[in-house]
Amino acid sequence: MYFFQDRYVPKEEIAVSPDDRGYYFGDGIYEVFRVYGGKVLEGKAHFQRFQRSADGVRIQLPYSAEELNSIVHKLIDVNQIADGIVYMQVTRGAAPRAHAFPKQSEPILLAYTSEMERPLDTMRKGISAVTLEDTRWLHCDLKTLNLLANVIAKQHALDQGAGDVIFHRSGTVTESSSSNFMMVKQGELYTHPANNLVLHGITRSVVLRLAKQLHIPVHEQPFTLEQLQLADEAFLTSTTSEIMPVVQIDGRAVGDGIPGPVSRKLQAAFEQEISELT
Ligand code: PMP
C-alpha cells in the first residue's frame, strides 16, 4: 500500500499528473526513514528536517507532524515492514508549466515503504571511492528532489568501478553523493560542519553523539583532499548505508586498507543503538 494525495492506495492506482512540478522542476522535498524490526530510528529528527526542507523551498506541508508520523506508522503496519525504509516526498503540486509558484496548487504527498536489508557484508569490508568536484548548488542542506548532480556523481563512481564519490569544492571535502563523509586521523574524527554545503545527516549527528560518548574527539571543520590523503580511516554515514568504511580513495588504500578500529567501534555503538530501539 502507498499513500498518495490523501489516500492509502495500491501503487497501480496512483496517477501522477504530468503537470506535477516535481516532474517538471524537481520542485519538491523528501525524507527517507529507516525501519529496524518495525521501529523507526530517529523519527523525530527526520520530521524536523522535512519541515526545515519545506520551509527552505517555501512549500507548505499538507499535514502536521503528528499526521505525517501516523502515515509513516500505518504504512509500516499495513505493509508489515520489519527491516526497510519509508520514503516520503512532497511536491509543490500540479499546475501548468511556469517557473513561478502557481497561485493555485495543492502540495502532493507520496509515501511508501520498501523492504531493505542492512548492508552488513559491505560494512565489514568497506568500499572504494573516487574524488569528484562538487558541482551542486549552495543549498545542499535542503533535502530536495533536485538530485541530478548526485545521480551523475554516483554513476561516475560506478563507471570507475568505485562504490561512491567523495565530493570536494576546490579541494575542500564536503560529503558523498548520498551520505556524509568522515575521516579519522590519530584517533580523532573530522567531518565538514553542518552548513549549507552538506546535508545535515541524521546518521551524521547520531555518529557524532556516539563518538563523544566514546570519548573520541570530534572536529566539525572542513579538511582538504591533501589532509584526507593522510587519514588513518574514512567512512560514509547515511540512513541506508549506516557507517560504511571507505578503504580506498582514488586507487590508494586508506590507512591499512581495511575498516579501522575507530570505524568499527562506532559501528558497534550504532549496532547497540539499533538494538535498543523501542
Ligand atoms: N548527504 C546527502 C547528499 C544525502 O543524500 C544523504 C542521505 N540521503 C546524507 C548526506 C545522509 O543523511 P542521513 O544520515 O540523514 O540519511
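Residues numbered from 1 in each chain as written. Predicted model: local features only at pLDDT ≥ 70, side-chain atom pairs only at ≥ 80, totals over all residues. Heavy atoms only, no water.

- Going by what an unreviewed UniProt entry lists, the protein is known as D-alanine aminotransferase and is assigned to Paenibacillus thalictri.
- Per UniProt, the protein carries the Cofactor (unreviewed entry) text "pyridoxal 5'-phosphate".
- In its Catalytic activity (unreviewed entry) section, UniProt records this for the protein: "D-alanine + 2-oxoglutarate = D-glutamate + pyruvate". (UniProt positions renumbered as here; feature names shortened; annotations may be inferred.)

Things to note about the site of the ligand
- The immediate surroundings of the ligand are formed by 17 residues, with Arg-49, Lys-143, Glu-175, Thr-203 and Thr-239 found nearest.
- Glu-175 is positioned with one of its side-chain polar atoms (N or O) 2.6 Å from a nitrogen atom of the ligand.
- The separation between an oxygen atom of the ligand and a polar side-chain atom of Thr-239 is 2.5 Å.
- Considering the ligand on its own, with 390 Å² of exposed area, one finds that the protein chains cover 92% of that surface.
- Looking at side-chain class alone, the shell around the ligand contains 2 nonpolar, 11 polar and 4 charged residues. (Near = heavy atom within 4 Å. Polar contact = N/O pair within 3.5 Å; in protein donor to acceptor, adjacent residues only side chain to side chain. Areas by Shrake-Rupley, 256 points an atom, 1.4 Å probe, with all protein chains shown as cover. Nonpolar A, V, L, I, M, F, W, Y, C, P; charged D, E, K, R; others polar.)

Examining the pairing of strand 11 (residues 188-191)
- Inspection of the sheet shows strand 10 (residues 180-185) paired to strand 11 by 4 bridges, in the antiparallel sense. By the bridge assignment, Lys-185 is partnered in strand 11 with Glu-188.
- Across 3 bridges, strand 11 lies against strand 12 (residues 218-220) in parallel orientation. Within the sheet, the bridge partner assigned to Leu-189 lies in strand 12 and is Val-218.
- Once the chain exits strand 11 it traverses helix 6 (residues 202-213) before rejoining the sheet at strand 12, and the crossover so formed is right-handed. (Pairing = 2+ DSSP bridges. Helix = DSSP H or I, 4+ residues; strand = E, 2+ residues; numbered from the N terminus. Right-handed = clockwise from strand over helix to strand, strands pointing away.)

Here we look at the packing of helix 6 against helix 8 (residues 261-275)
- Two elements in contact, helix 6 and helix 8, have axes separated by 10 Å at closest approach and are oriented at 110 degrees. The angle between the axes of helix 6 and helix 8 places the two elements in the roughly perpendicular class. Counting all contacts with helix 6, which are made through Thr-203, Val-206, Val-207, Arg-209, Leu-210 and Ala-211, the residues of helix 8 involved are Leu-266, Ala-269, Phe-270 and Glu-273.
- Along the lines of polarity and charge, the residues of the contact of helix 6 with helix 8 split into 7 nonpolar, 1 polar and 2 charged. (Axes fitted to C-alpha atoms, helices over the stretch in contact; angles between N-to-C directions. Parallel < 35°, antiparallel > 145°, perpendicular 65-115°, else oblique. Contact = heavy atoms within 4.5 Å.)

Let's talk about the nonpolar core
- By size, the foremost hydrophobic cluster in this structure holds 24 residues, and its most contacted members are Leu-68, Ile-71, Val-72, Met-88 and Leu-109.
- For this core, the secondary structure elements donating two or more residues are strand 3 (28-36), helix 2 (43-57), helix 3 (65-78), strand 5 (84-91) and strand 6 (108-115).
- Per-element tally for this core: the top contributor is helix 3, with 5 residues.
- If we ignore the near neighbours within four places in the chain, the residues touching Met-88 are Ile-29, Tyr-30, Glu-31, Phe-33, Phe-50, Leu-68, Ile-71, Val-72, Leu-109, Leu-110 and Ala-111.
- Counting residues in hydrophobic clusters, the runner-up holds 19 residues, among them Tyr-36, Met-182, Ile-216 and Ile-274. (Core = buried A, V, L, I, M, F, W, Y, C linked by side-chain atoms within 4.5 Å. Buried < 20%, exposed > 50% of the residue type's maximum accessible area, 1.4 Å probe, protein only.)

Focus on the pairing of strand 6
- Where strand 1 (residues 2-4) lies against strand 6, 2 bridges are found, and the strand directions are antiparallel. By the bridge assignment, Phe-4 is partnered in strand 6 with Leu-110.
- As paired strands, strand 5 and strand 6 are joined by 8 bridges and run antiparallel to one another. The residue of strand 6 that forms the bridge with Gln-89 is Leu-110.

Thoughts on a nonpolar patch on the surface
- On the surface, Leu-148, Val-151 and Ile-152 cluster together into a nonpolar patch covering about 310 Å² of accessible area.
- Along the chain, Val-151 turns up in helix 5 (residues 148-159). (Patch = residues over 30% accessible without salt bridge, like charges linked within 9 Å, V, L, I, M, F, W, Y side chains within 5 Å. Salt bridge = Lys/Arg side-chain N within 4 Å of Asp/Glu carboxyl O.)

Things to note about the packing of aromatic side chains
- What the rule picks out here adds up to 9 aromatic pairs.
- Taking 4.9 Å as the distance between ring centres and 25 degrees as the angle between the ring planes, the aromatic pair formed by Tyr-2 and Tyr-112 counts as stacked. On the criterion of sequence distance, the pair formed by Tyr-2 in strand 1 and Tyr-112 in strand 6 is long-range, its members being 110 residues apart.
- Note on Tyr-112: relative accessible area 24%, which makes it partly exposed. (Phe/Tyr/Trp six-rings, centres within 6.5 Å; stacked < 30°, edge-to-face > 60°.)

Brief notes about helix 5
- End to end, helix 5 covers 16 Å across 12 residues, agreeing with the expected 16 Å (1.5 Å per residue, within 8%).
- Listing the buried residues of helix 5 in full gives Asn-150, Ala-153 and Ala-157. Within helix 5, the buried residues cover an arc of 65 degrees as seen down the axis, which keeps them to one side. More than 90 degrees from the buried face of helix 5, the exposed residues found are Leu-148, Ile-152 and Asp-159.
- Where helix 5 is buried, its residues contact strand 7 (127-133) and strand 8 (164-169).
- Where helix 5 ends, the next residue or the one after it, Gly-161, has phi of about 80 degrees, a positive value. (Expected span 1.5 Å × (residues − 1). Arc of directions from axis to C-beta.)

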